[in-house]
Amino acid sequence: MRPPPGLPEPYAQEIAGDWQGSAAAWERLGRTYDAALTRIVSSPDDAELRAALAVLDELGARATAAAARRRMRELCITPIPRGPRAATRAAPAGLTAREQEVLGLLSQGLPDREISRRLFISERTVHHHVSAVLSKVGVSSRTAAAREAARLGIVP
């Protein structure tokens, strides 16, 4: 189908049957929700649907994320990610309980090796938690994360 002239690019591409181009156009416009929605409605691809679901969960778009999970079930995609728990959604910066523990120890200036020893997890797992904490808190260093943890009231 040929879209009407003058239609904004994402709509025109979707009408023309190019959902990938439409999603990419939405992303270029900074409209991640619309890009995810386009993928949920149009894509049969497991990876595309999982990426869209992750965006919806991150944005807190619970109703749309539930629709995405229904679509994934219809397409027999397994396993389907559950999404963040209520406690995680309510926590400062959306940190999980374990991420808050890691941030607390990080705020004490402990290296990954010591954090792994105290929490009985591998250093690699600690590294993943530290990366997630930095991303969720929106900082690029451990020192900045410690300052942000104090500001958020996670650590004294």
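Residues numbered from 1 in each chain as written. Predicted model: local features only at pLDDT ≥ 70, side-chain atom pairs only at ≥ 80, totals over all residues. Heavy atoms only, no water.

### A closer look at the pattern of salt bridges
This model, assessed by the stated rule, comprises 13 salt bridges. The residue Arg28 makes a salt bridge to Glu9 at a minimum N-O spacing of 2.8 Å. In this pair, Arg28 is assigned in helix 2 (residues 19–28) and Glu9 in helix 1 (residues 9–15), connecting sequence segments 19 residues apart. Across the salt bridge formed by Arg98 and Glu101, the nearest N and O atoms sit 3.2 Å from each other. Placement of both Arg98 and Glu101 in helix 7 (residues 97–107) is noted, with a separation of three residues, approximately one turn of the helix. Of the residues examined, Arg98 reaches a relative accessible area of 28% and is grouped as partly exposed. Connected through salt bridges with shared partners, the residues Glu27, Arg39 and Glu48 form a single ionic network. (Salt bridge = Lys/Arg side-chain N within 4 Å of Asp/Glu carboxyl O. Helix = DSSP H or I, 4+ residues; strand = E, 2+ residues; numbered from the N terminus. Buried < 20%, exposed > 50% of the residue type's maximum accessible area, 1.4 Å probe, protein only.)

### Examining the packing of aromatic side chains
Summed over the entire model, instances satisfying the criterion amount to one aromatic pair. Here Tyr11 and Trp26 contribute two aromatic rings whose centre-to-centre distance is 5.3 Å and whose plane-to-plane angle is 90 degrees, an arrangement assigned as edge-to-face. Taken together, the residues Tyr11 in helix 1 and Trp26 in helix 2 connect sequence positions 15 residues apart. (Phe/Tyr/Trp six-rings, centres within 6.5 Å; stacked < 30°, edge-to-face > 60°.)

### A few points about the side chain of Thr64
Considering the arrangement of structural elements, one finds Thr64 in helix 5 (residues 62–74). Of the polar contacts made by the side chain of Thr64, one reaches the side chain of Tyr33; its length is 2.8 Å. When neighbours within four sequence positions are excluded, Thr64 is seen to be in contact with Tyr33, Leu37 and Leu56. (Polar contact = N/O pair within 3.5 Å; in protein donor to acceptor, adjacent residues only side chain to side chain. Contact = heavy atoms within 4.5 Å.)

### Some words on the side chain of Ser43
Looking at the secondary structure, you find Ser43 in the loop between helix 3 (32–42) and helix 4 (46–59). Accessibility expressed as a relative area gives 0% for Ser43, which makes it buried. Contact partners of Ser43, with chain neighbours within four places excluded, come to Trp19, Thr38, Glu48, Leu49, Arg71 and Leu75.

### Some remarks on the packing of helix 4 against helix 5
At a minimum axis distance of 9 Å, the contact between helix 4 and helix 5 shows a crossing angle of 160 degrees. By the criterion of interaxial angle, the relationship of helix 4 to helix 5 is roughly antiparallel. Considering the relative orientation of helix 4 and helix 5, their crossing is left-handed. Contact with helix 4, carried on its side by Leu49, Arg50, Leu53, Leu56 and Asp57, involves Thr64, Ala65, Ala68, Arg69, Arg71 and Met72 of helix 5 and no other residues of that element. Its residues assigned to classes, the contact of helix 4 with helix 5 shows six nonpolar, one polar and four charged. (Axes fitted to C-alpha atoms, helices over the stretch in contact; angles between N-to-C directions. Parallel < 35°, antiparallel > 145°, perpendicular 65-115°, else oblique. Left-handed = near helix turned anticlockwise from the far one by under 90°. Nonpolar A, V, L, I, M, F, W, Y, C, P; charged D, E, K, R; others polar.)

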